[in-house]
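Fold and geometry: a report
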Amino acid sequence: MSTIAPPHIQQLGLVSLAQIRQLLSSQIAAETHWIKDLSDQEFAQEFHRITHAQRFMQRWEADPQFREQVINNPQQAVARYHLDVDPEEIKPLWEPQLLEQLQTAGKLPLLVERCRDFAQAFEQCNDSNLIAASHNRHYTAWRSRQMNRLSSQVPQWLSEDIGHFPVSFELSQGCSIGCWFCSVSAPTLEDIFFYTPENAQLWRKVLELLQEKLGTAAGEGFCYWATDPLDNPDYEKFLCDYHEILGVFPQTTTAQPLKNINRTKSLLKLALEKGNRLNRFSILSLKILDKLHEAFTPEELAFVGLVTQNQEAGIEKASAGRMREYNQRQATKKEQVVDESLPGTNACVSGFLFNMVDRSVKLVSPCPASDRFPNGYQVHDQTTFTTVDELRTFLDKAIETYMPLSLRPGDRVRFRSDLKYEEFEDGFHVSTRFLTLKFRNDPYLKQLGKVILKGDKTVSQITSLFNICGTSTPTTLKALNLMFAQGILAEQPEE
Ligand code: SF4
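Calculation criteria
Residues numbered from 1 in each chain as written. Predicted model: local features only at pLDDT ≥ 70, side-chain atom pairs only at ≥ 80, totals over all residues. Heavy atoms only, no water. Helix = DSSP H or I, 4+ residues; strand = E, 2+ residues; numbered from the N terminus. Rg over C-alpha atoms; globule rule 2.2 N^0.38 Å. Buried < 20%, exposed > 50% of the residue type's maximum accessible area, 1.4 Å probe, protein only. Areas by Shrake-Rupley, 256 points an atom, 1.4 Å probe, with all protein chains shown as cover. Lys, Arg positive; Asp, Glu negative; His and termini not counted. Charge placed at Lys NZ, Arg CZ, Asp CG, Glu CD. 1 Å grid on protein atoms, 1.4 Å probe; cavity = no way out; pocket = protein on both sides within 12 Å on 5 of 7 lines; lining within 4 Å. Points joined across faces, edges and corners; volume = space filled by probe spheres on them. Nonpolar A, V, L, I, M, F, W, Y, C, P; charged D, E, K, R; others polar. Phe/Tyr/Trp six-rings, centres within 6.5 Å; stacked < 30°, edge-to-face > 60°. Lys NZ or Arg CZ within 6 Å of the ring centre and 35° of its normal. Expected span 1.5 Å × (residues − 1). Contact = heavy atoms within 4.5 Å.

Next up on the list: the overall build of the protein. Helices and strands together make up the secondary structure of the protein, namely 20 helices and 16 strands. What you see for the protein is a C-alpha radius of gyration of 25 Å, in line with the 23 Å of a compact globule of 495 residues. Across its three principal directions, the C-alpha atoms of the protein cover 85 × 60 × 55 Å. For the protein, the residues scored as buried account for 52% of the 495 residues in total. Per element, the accessible surface of the protein, about 23,400 Å² overall, is 50% carbon and sulfur. Computing the positive centroid from 52 side-chain charges and the negative centroid from 62, the protein places the two 4 Å apart.

In the structure shown here, the tally under the stated rule is two cavities of 30 Å³ or more. When its volume is computed, the largest cavity comes out at roughly 70 Å³. In terms of lining, the largest cavity is formed by 11 residues, of which the most central are Leu14, Leu268, Leu272, Glu300 and Phe303. Along its surface, the second largest cavity is lined by Ser152, Leu419, Val430, Ser431, Thr432, Leu435, Thr436, Leu437 and Ile488. Looking at the lining of the second largest cavity residue by residue, the class counts come to five nonpolar, four polar and no charged.

Summed over the entire model, instances satisfying the criterion amount to 28 aromatic pairs. Looking at Arg21, its charged tip hangs above the ring of Phe43, at a distance of 4.7 Å from the centre. Geometry around Phe181 places Lys317 over its ring, the cationic atom sitting 5.0 Å from the centre.

For the rest of this paragraph, the subject is helix H17 (residues 388-402). End to end, H17 covers 21 Å across 15 residues, agreeing with the expected 21 Å (1.5 Å per residue, within 8%). On the buried face of H17, the contacting elements are helix H10 (137-151), helix H12 (197-214), strand E9 (349-355), strand E10 (360-366) and strand E11 (377-384).

What follows is the structure in structure tokens.
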């Protein structure tokens, strides 16, 4: 029997039941029709159970002691943390083997199925289809090449996890949090882009320009990078403009949800009212998790993902930025080499990274961190701008220079330097420890591979050379452009 008061039927957490139903309705797939079919009373009860199961899992992931308590005395564990959920009923959520068994047998408990449906509706927030549907074919082709390249540079799970978002804005200079593991080496907070009339005008013009250049993709950006969004007291005003101009209320990730609880709640409410269901809080310690769970009801955190960065959670951090420096120091101490198998990036932008304080913009894409790119992303080009016209000139030039749809006659063709090359009678392989790509079944591919390996010829020189040997220009171009699209040809910015 539940000891916790049932939810108020009209108000579920921060917004009304009607608003939540509306938010979810756009995501309802055939198998999740239950969301639509339940009466208000039933839906409110189900929402309550789901959010308590969510909270159970947040605690489970962050806190090894809780895990122990659940295994030894599940009822006591949930009572201690005021969780209105039966641990046995949701066991498949915390015991993956059981989940697999019951799923195969088609015997998942209803609550578990509904938690999964809910999580899915919640996860489908960043819409990569909108990015792929950008009217700017040059940008989408370039992004796709960066995705293909990265898929051979990091483990598959990581490459699938990275969103390759088209644009990101820093609305401060530096970050007040100073996490020791910061993968983008955020400096200390120095300055803020306030919502002054002049800044607001520039901001809106920048958004309009991005909409013109990238179309729907521009709406899939966010407003932080090596910054914490809540360092900016005017953050919400910038997001409202973003929503007004680009039609999307950007997702927020913050490490300071407790700094001003009322502000955080208002931001979450605003996000839900504007149709955004995905926000994230970084949890830096168990103490912060305790306080967060005290300050917010499970329903209020229904649409918030927790990134459990606390040490007890044991989540592997990207070995980039300050974390890479830490790993290097540890390796030196132990007289070992740095563990190369660690994921070397969590940078998630393939596109334009702005800092609005110093009015800078960079074209960036993720890559494993290295001495040259210590923060796990490469910078293809960058500039500063004082007017939107200057920014327009830069964007046009960047798109023209770095984002051709196919190779140009004067492009020098060579393989990426991180690829291992192997020759065969009928072609060649290029590989990394994560992926091998095979170009076989035609002896001319062997010759083509050799020429690209040497790397001293342009596209037109290669097509002429192969013409002499009897291979037509379209055939050679087709092969070269296939390699280009696969991201195996060098595009790294010049040193
Ligand atoms: S990880 Fe995020 S919150 Fe922490 S220092 Fe870096 S930018 Fe700031």
